[in-house]
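Topology and contacts: notes
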Amino acid sequence: MTQSNVLLRIEGATKSFHLKPMFGAAHEVVALNNITIGIEAGKALAVVGESGSGKSTLGRAVTRLFPLTSGTIRFKGKDIAELTSRAEKLSYLRSVQMVFQDPFSALNPAHTIQHHLERPLMLHRSLHGAALVAAVREVLADVELDPEVTLHKYPHELSGGQRQRVNLARALAVGAELIIADEPTSMLDVSIRRSVLDLMRRMKETRSIAFLYITHDIATAQFIADDIAIMYAGQVVEWGKPERVIGNPQHPYTKLLLSAVPDPNVRLDGGGSKAFAREAEAVRAICRTASGSVLETEPGHFVRQVGSVA
Ligand SMILES: Nc1ncnc2c1ncn2[C@@H]1O[C@H](COP(=O)(O)OP(=O)(O)OP(=O)(O)O)[C@@H](O)[C@H]1O
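To start, this report covers the structure provided alongside it.

Scoring rules and cut-offs
- Residues numbered from 1 in each chain as written.
- Predicted model: local features only at pLDDT ≥ 70, side-chain atom pairs only at ≥ 80, totals over all residues.
- Helix = DSSP H or I, 4+ residues; strand = E, 2+ residues; numbered from the N terminus.
- Rg over C-alpha atoms; globule rule 2.2 N^0.38 Å.
- Buried ≥ 20, exposed ≤ 12 C-beta atoms within 10 Å, placed from the backbone.
- Contact = placed C-beta atoms within 7 Å.
- Near = placed C-beta within 6 Å.
- Pairing = 2+ DSSP bridges.
- Axes fitted to C-alpha atoms, helices over the stretch in contact; angles between N-to-C directions.

The secondary structure content of the protein amounts to 11 helices and 12 strands. At 20 Å, the protein has a C-alpha radius of gyration in line with the 19 Å of a compact globule built from 310 residues. Its C-alpha atoms give the protein principal-axis dimensions of roughly 65 × 50 × 45 Å. Of all 310 residues assigned to the protein, the portion counted as buried reaches 39%. Here the contacts in the protein between residues at least 6 apart in sequence split such that 65% fall between residues at least 24 apart.

Time to look at the site of the ligand. Neighbouring the ligand are 13 residues, the closest being F17, A31, S51, S56 and T57. If you list the elements that add at least two residues to the shell around the ligand, you get β1 (6–19), β2 (27–40) and α1 (55–62).

On to the pairing of strand β3 (residues 44–48). Taken residue by residue, a regular strand's side chains alternate between the two faces of the sheet. By the criterion of burial, β3 is predominantly enclosed, with five of the five residues buried. Across the two faces of β3 the burial is the same, with A44, A46 and V48 and L45 and V47 all buried. Bridging between β3 and strand β8 (residues 210–215) involves five bridges; their strand directions are parallel. The residue bridging A46 from the neighbouring strand is Y213, located in β8.

With that settled, consider the sheet that holds strand β11 (residues 294–298). One open sheet accounts for eight strands, arranged β6-β7-β8-β3-β9-β10-β12-β11; its pairing is mixed. Two strands lie at the open edges of the sheet, namely β6 (96–99) and β11, each paired on one side alone. If you compare each strand with its neighbour and ignore which way they point, the axes differ by 20° on average. Pairing between β3 and strand β9 (residues 227–232): four bridges, direction parallel.

Set out below in structure tokens:
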């Protein structure tokens, strides 16, 4: 990655949550532990890991939902914690859009699709009248939805895949440069997951939109990702090009994730076979000894070493 085309640079990002449960002692949860990773303009980074590994915390930190405990997140070189003016913050929130797992959650059931797309185009691009109508049609066509059929519908009248396309159209309407897509296909019918991933890939290639693609499913990552980062217990344990990480996995946790493929529904918590659950727990025990040392096993392929303390 060259410095000039880095869009997002996360450096030493650590996030701890202080929990005070009703029962039991107060304690810290380290959701992110010294994460350093970047995304180039127009490229996709897939962050893959099981539930609780810290993927969503990473995405939420990038959207400025909370400050980091330590470390920095820079967007186009500027530390996002130092955006002070309202204009700077709005501009950042325009450039960085979030697409959620549940495609219904971000849409207002009381409004038509036309309304959902008109608002950002009016607010952010000051469009009105005929130009506004044309732009709404254009963004719908961009996400491969027929404007004639879709414009006047309400969210509940669309399929899950169509709703997710509307969410992506909204990000286009705002003028997003980076989309954080948090499990965007996991609630969709298996038969249409691939087409939504393909659309995201085309948005990346034709519109130069970067993606932070968050998923538990390593198999889907390779459809869109230019780089892949495997997360476990708040750390990135292996990263590099998908063909290297998936084709030649080195870290025991990456191997475990891949052993659950091609059935992405195999649960790493042992919801499937007992033998798999035992193996998964053994791997986790090894991974919990992860150290700070990282080895570049082949050019551009990095693996966090296990079994020693930093
Ligand atoms: N607001 C919060 N307060 C306290 N703990 C939190 C908070 N958000 C996340 N955590 C904890 O941080 C850890 C990482 O959570 P996170 O949601 O980022 O994982 P994830 O990999 O995205 O999992 P999932 O796929 O289930 O969302 C978990 O132990 C979680 O309980």
